[in-house]
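Here is how the chains run, residue by residue.
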Amino acid sequence: MQPNLIKSAGIAWTILYAAFVVWLYATAPRSFTEATTGASVVAGTYAVDEARFRAARELFGREQYAAARDEWARGDPAVRDARTQFYIAYAFYREGWGRVYNDDALFRQGLDAINRAIQLSPAGALSVDDPELKIHSAAELKAELQQGTESSLGDLNPLKIVRERK
Amino acid sequence: MKEARALAPVDLMQNPRDSNRLLVRHLLLPTIFLTVALAGGLRVAAATGAFLFVAPPLVALVLAVLLMLLFARGRLIDLGAWLNSDHAPLTNVSHALTLIALFFASAQAFNSVLPDAGLFRWMFAFFFLWTLWNNQFAAFDARRLLRSLAALFGTAFVLKHMLLASLYAPDGGWLKRLAGALLEGFTQGTLTGTQETFAPATGYISFFTLALYVLGLVLLPSAPETDDRDAPEPETSSLVIQYRRLSPEERTLLREEILRTERGRLEDEIHATRTD
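In this convention, every chain numbers its residues from 1, walking through the sequence in written order. Chains carry letters from A onward and ligands carry numbers from 1 onward, assigned in written order. Given that this is a predicted model, residues contribute local features only at a pLDDT of at least 70 and side-chain atom pairs are listed and counted only at 80 or more, while totals for whole chains, interfaces and linings are drawn from all residues.

A. Representation of the packing of helix 5 (residues 82-96) of chain A against helix 6 (residues 104-120) of chain A. Residues and elements named next belong to chain A. Helix axes are fitted to C-alpha atoms over the stretch in contact, other axes to C-alpha atoms as well, and angles between N-to-C directions run from 0 to 180 degrees. Comment: elements are numbered from the N terminus, with helices defined as DSSP H or I runs of at least four residues and strands as E runs of at least two. Running from amino to carboxyl end, helix 5 crosses helix 6 at an angle of 160°, the nearest separation of the two axes being 8 Å. One way to sum up the angle between helix 5 and helix 6 is to call them roughly antiparallel. Helix-helix and strand crossings are classified by hand; for helix 5 and helix 6 the assignment is left-handed. Residue-level inspection shows Ala82, Gln85, Phe86, Ile88, Ala89, Phe92, Tyr93, Glu95 and Gly96 of helix 5 in contact with helix 6, the latter providing Leu106, Phe107, Gln109, Gly110, Ala113, Ile114, Arg116, Ala117 and Leu120. Each residue is assigned to one class: nonpolar for Ala, Val, Leu, Ile, Met, Phe, Trp, Tyr, Cys and Pro, charged for Asp, Glu, Lys and Arg, and polar for all the others, Gly among them. In terms of residue class, the contact of helix 5 with helix 6 is made up of 12 nonpolar, four polar and two charged. For classification purposes, angles smaller than 35 degrees are called roughly parallel, those larger than 145 roughly antiparallel, those between 65 and 115 roughly perpendicular, and all remaining angles oblique. The sense of a crossing depends on the near helix, which, turned anticlockwise from the far helix by less than a right angle, makes the crossing left-handed and, turned clockwise, makes it right-handed. We call two residues in contact whenever the C-beta atoms placed from their backbones are within 7 Å.

B. The nonpolar core, seen in detail. Among buried residues, those of type Ala, Val, Leu, Ile, Met, Phe, Trp, Tyr and Cys that are joined through C-beta atoms within 7 Å form a set called a nonpolar core. Once C-beta atoms are placed from the backbone, each residue is buried if 20 or more other C-beta atoms lie within 10 Å of its own, exposed if 12 or fewer, and partly exposed for counts between those two. Residues Phe33(B), Val36(B), Ala37(B), Ala101(B), Ala105(B) and Phe110(B) are the most contacted members of the largest nonpolar core, which totals 41 residues. No other element matches helix 5 (residues 89-113) of chain B, which puts nine residues into this core. If sequence neighbours within four positions are ignored, Phe110(B) has contacts with Ala60(B), Leu63(B), Ala64(B) and Phe128(B). Counting residues in hydrophobic clusters, the runner-up holds 25 residues, among them Phe60(A), Ile88(A), Ala89(A) and Tyr93(A).

C. Examining unusual backbone geometry more closely. Unlike most non-glycine residues, Glu63(A) shows phi in positive territory, near 65°. Its location among the elements puts Glu63(A) in the loop between helix 3 (50-61) and helix 4 (65-75). Of note in the backbone geometry, Arg75(B) takes a positive phi value of approximately 60° without being a glycine. The topology assignment puts Arg75(B) in the loop between helix 3 (58-73) and helix 4 (79-82). What makes Arg75(B) partly exposed here is the crowd of 14 C-beta atoms within 10 Å.

D. Geometry of the interface of chain B and chain A. Contact with chain B, which involves 24 residues of that partner, is made by 21 residues of chain A. Contributions of two or more residues to the side of chain B that touches chain A are made by helix 2 (16-39), strand 2 (51-53) and helix 5 of chain B. In terms of residue count, the dominant contributor to the side of chain B that touches chain A is helix 2 of chain B (10 residues). Residue composition of the side of chain B that touches chain A, grouped by class: 17 nonpolar, six polar and one charged.

E. Region of interest: helix 5 of chain A. To estimate the expected span of a helix, subtract one from its residue number and multiply by 1.5 Å. Spanning 15 residues, helix 5 of chain A covers 21 Å between terminal C-alpha atoms, matching the ideal 21 Å at 1.5 Å per step. Of all the 15 residues making up helix 5 of chain A, 13 are buried; the element is thus mostly covered by neighbouring parts of the structure.

Pasting the structure below:
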């Protein structure tokens, strides 16, 4: 083996390994699973667990919103999928919506999730093509959630009780 | 044909010993030191079993600087031989990376044996500083320095991962009960409740980290011999080095060739020496 080859390989390996150590300390994964998930995100091979996603979608359809959110969170552990975050936000919206008043805490969590979805979508404009949903775009869902958390005179309108959940 | 083979220019890396030395210096040592840098700050939470990565605190970096100075003083590292303008740039870069890795490994080795909070952390830091500062003015050779460091880290390991771990054990180790009885109302809560408890795996990780660190120091050559083709080297010593790298058959052939052409002059020189 050539000395220069060994030295070059040594330098490349040292820099790579040092970068890995710095990355570990920067991301601080709490388990091997988190570490491998993070590594797959860095390597660009990360993908949502489709089986879990579908299972969560079914739970969502049966109005089991909390269970659906848990399942989606497990299917997207690195919180890198815009579509999953959109559905999580939608689950918060559906669960928090009320004919007389909305659950502000759930709506705020929904806002966080929809903001993540918007950040993760490549062009910032996310649209989900699901015929069972009444809101398809992230911007529309965000507006709905924001409106739900704000207090206004419209809240006193008795006709509010005839509005529809989307 | 055989003569031509014997006199052909030899590959400098024909000798496996040289290959191995290069592999140790340029690949194994950085790997060992970076592994120490990785594992030195790794803890495992007792309650959840989750990994916790603790970056080296400032005091660990200060201790590592003092330790590097001590390495240079004790000739464990001959800095002039590691980084030299006579080396090829590639060699200097590789050596610099190894020394940087050694610095962070030292910082993380201290991080591994320093308590994570409370009064004991400052006591340990103070004793480390005191020991390293005193050692700066003591006469050291590389071997003594290594023994002294092994003892220093060993003692700190026993104190932190055995005695203090027992003191802070959630189920109340023997030392906790003893200290509780002796120091009740005296330490103003500094002995209890301020330390996060870690799983026993943390102690094992720290043990192997320190063992790896000491192994790295043992493998670390004080002055790496030059192996650069382009480094200026006296021609005669280069010839001797190349001769030693030949196989026994090749050496015999070379000697025969020299004797065939130089026999007369060699005999004259020997004769002249004897008559003097």
